[in-house]
Amino acid sequence: KAALTDLNKAIKLDPIITTSYVKRGDLYLTLGQSEKAINDFSFALEFETDVQKREGLLQYRATAYLAVGDFSSFLLQIKELSKNVDNTLQAYDVAIRQQLSRNNPKEALNQYKASQLFLIKKKASRQKLIFRRFGNHGKLLNQNMFQKKI
């Protein structure tokens with residue numbers, strides 16, 4: 001309760017700092033107050049601009065949706081996470097094409113290798129996340145997502 005009181009004070013002092021909402025949402029999730037957690041994560045997502053932090057927020061919000069049994073919203077969060085990966089791969093594709101148009105095949109190959117490494121890391125980290133956060137539901141989701149996507 002003391003942590004919750006401190007976070008509420010921090011939010012009153014500076015209501016736009018997303019870190020306080022994330023921490024409070026995580027605390028709500030731990031306390032079993034998933035609806036409140038969803039609200040905090042949703043608010044933080046509106047203002048967060050850092051891509052990696054947004055990805056973490058989507059993961060947290062997916063966990064909260066699963067906790068309240070809202071499977072359709074849970075799947076929407078997972079799809080949004082997939083879209084982030086697709087956007088990154090598109091950026092790599094643009095970089096590769098630019099290097100090829102500049103007659104720089106060595107740099108294009110480096111960009112391609114980097115994109116493949118990114119994809120491997122994302123797939124592995126997503127599989128770990130799904131198993132860790134979503135238990136048995138995650139096994140089914142993992143099979144459905146990765147057999148179709150990659």
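Up top is the structure these notes are about.
The structure contained in this document is the topic of the report that follows. (Residues numbered from 1 in each chain as written. Predicted model: local features only at pLDDT ≥ 70, side-chain atom pairs only at ≥ 80, totals over all residues. Heavy atoms only, no water.)

The interhelical angle for the contact between helix H1 (residues 2-13) and helix H2 (residues 18-30), taken along N-to-C directions, is 155 degrees, at an axis separation of 9 Å. When the axis of H1 is compared with that of H2, the two are roughly antiparallel. In this structure, the crossing between H1 and H2 has a hand that is left-handed. Listed contacts from H2 to Ala3, Leu4, Leu7, Asn8, Ala10 and Ile11 of H1 are Ser20, Tyr21, Lys23, Arg24, Leu27 and Tyr28. (Axes fitted to C-alpha atoms, helices over the stretch in contact; angles between N-to-C directions. Helix = DSSP H or I, 4+ residues; strand = E, 2+ residues; numbered from the N terminus. Parallel < 35°, antiparallel > 145°, perpendicular 65-115°, else oblique. Left-handed = near helix turned anticlockwise from the far one by under 90°. Contact = heavy atoms within 4.5 Å.)

Before going further, it helps to examine the nonpolar core. If you look at the biggest cluster of nonpolar residues, it comprises 20 residues, and the most contacted ones within it are Ala37, Phe41, Leu57, Ala64 and Phe74. Secondary structure elements with two or more residues in this core: H1, H2, helix H3 (34-47), helix H4 (51-67) and helix H5 (71-101). Looking at this core element by element, the count peaks at 6 residues for H4. Apart from the residues within four sequence positions on either side, Phe41 is in contact with Val22, Gly25, Asp26, Leu29, Leu57, Tyr60, Arg61 and Ala64. (Core = buried A, V, L, I, M, F, W, Y, C linked by side-chain atoms within 4.5 Å. Buried < 20%, exposed > 50% of the residue type's maximum accessible area, 1.4 Å probe, protein only.)

Time to look at H5. Over its 31 residues, H5 extends 45 Å from the first C-alpha to the last, a length consistent with the 45 Å expected when each residue adds 1.5 Å. A positive phi of about 55 degrees marks Asn103, the residue just after H5. (Expected span 1.5 Å × (residues − 1).)

Tallying each qualifying case throughout the model produces 3 aromatic pairs. Consider the rings of Tyr21 and Phe43, whose centres lie 4.3 Å apart with planes at 40 degrees: the pair is tilted. In this pair, Tyr21 sits in helix H2 while Phe43 sits in helix H3, placing the two residues 22 residues apart along the sequence. Look at Tyr21 and you get buried, because its relative accessible area is 8%. Judged by centre distance (4.8 Å) and plane angle (45 degrees), the ring pair of Phe43 and Phe47 falls under tilted. Remark: Phe47 and Phe43 occur in helix H3; sequence separation between them is 4 residues, near one turn of the helix. The exposure class of Phe43 is partly exposed, given its relative accessible area of 25%. Through a chain of ring-to-ring contacts, the aromatic side chains of Tyr21, Phe43 and Phe47 assemble into a single cluster. (Phe/Tyr/Trp six-rings, centres within 6.5 Å; stacked < 30°, edge-to-face > 60°.)

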